[in-house]
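# Coordinate inspection notes
What follows is the residue order along each chain.
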Amino acid sequence: QVQLVESGGGLVQPGGSLRLSCSASGRAREIVKMGWFRQAPGKEREFVASIVWTRSNTYYSDFVKGRFTISRDNAKIAVLLQMNSLKPEDTAEYFCVAGTLSRRNIPMTSNDAYDYWGQGTQVTVSS
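Now for a look at the structure at hand.

Rules used throughout
Residues numbered from 1 in each chain as written. Predicted model: local features only at pLDDT ≥ 70, side-chain atom pairs only at ≥ 80, totals over all residues. Heavy atoms only, no water. Disulfide = S-S within 2.5 Å. Helix = DSSP H or I, 4+ residues; strand = E, 2+ residues; numbered from the N terminus. Buried < 20%, exposed > 50% of the residue type's maximum accessible area, 1.4 Å probe, protein only. Core = buried A, V, L, I, M, F, W, Y, C linked by side-chain atoms within 4.5 Å. Phe/Tyr/Trp six-rings, centres within 6.5 Å; stacked < 30°, edge-to-face > 60°. Lys NZ or Arg CZ within 6 Å of the ring centre and 35° of its normal.

## A look at the state of the cysteines
A covalent bond bridging the sulfur atoms of two cysteines is what the word disulfide describes. Evaluation of the coordinates by the stated rule reveals one disulfide. One disulfide bridge connects Cys22 with Cys96, the sulfur atoms lying 2.0 Å from each other. Judged by the sign of its S-S torsion, about -85 degrees, the cystine formed by Cys22 and Cys96 is left-handed. With Cys22 in strand β3 (residues 18-26) and Cys96 in strand β9 (residues 92-99), the pair connects residues that are 74 residues apart, well separated along the chain. Taken individually, Cys22 and Cys96 each receive the classification buried, so the pair is uniform in this respect.

The following block contains the structure:
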């Protein structure tokens, strides 16, 4: 069992930046990938970014590539999402996700690629 806790959400003006973090606890050594999904009211949940833990391979959705950067925290089993040049359409609840080897043959952009989900943190981009 793995627990994921997100932090760093908040209100920011368009063009601003936020950094989200997600810390894993429990059986965190089973994690082989971590990432982020987001969901806005009335919209489908969508993939944002992910990282393969051991090799640091990163994956991004087209709508965030060049603006968001996902990385590992060097001090702990955690993932960071640096969000720059934020747009109103980035407004959503952001969920940290983690996957084990049991999900290794599932596409990275799929909900089913991840075993564990955090509680979410709200990001609001508005003037």
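## Some points on the nonpolar core
For soluble globular proteins, nonpolar side chains are generally found buried alongside one another. Ranked by size, the top nonpolar core spans 30 residues in total, and within it Leu4, Met34, Trp36, Leu81, Met83 and Tyr94 carry the most contacts. At the level of secondary structure, the elements contributing two or more residues to this core comprise β1 (2-7), β3, β4 (33-39), β5 (46-52), β7 (68-72), β8 (78-83), β9 and β11 (121-125).

## Some points on the packing of aromatic side chains
Per the counting criterion, the structure on display carries four aromatic pairs. Taken together, a centroid distance of 5.5 Å and an interplanar angle of 75 degrees make the contact between Phe37 and Phe47 edge-to-face. Of the two residues, Phe37 sits in strand β4 while Phe47 sits in strand β5, which places them ten residues apart along the sequence. For the pair formed by Phe37 and Phe47, the shared burial category is buried. Ring centres of Phe37 and Tyr114 lie 5.6 Å apart, and the angle between their planes is 80 degrees; this geometry places the pair in the edge-to-face category. With Phe37 in strand β4 and Tyr114 in the loop between β9 and β10 (116-117), this pair connects stretches of sequence that are 77 residues apart. The same class applies to Phe37 and to Tyr114, which are both buried. An aromatic cluster is present here, built from Phe37, Phe47, Phe95, Tyr114 and Trp117 joined pairwise through their rings. Positioned above the aromatic ring of Tyr114, the side-chain terminus of Lys33 is 5.3 Å from the ring centre. Over the ring of Trp53 we find Arg72, and its NZ or CZ is 5.9 Å from the ring centre.

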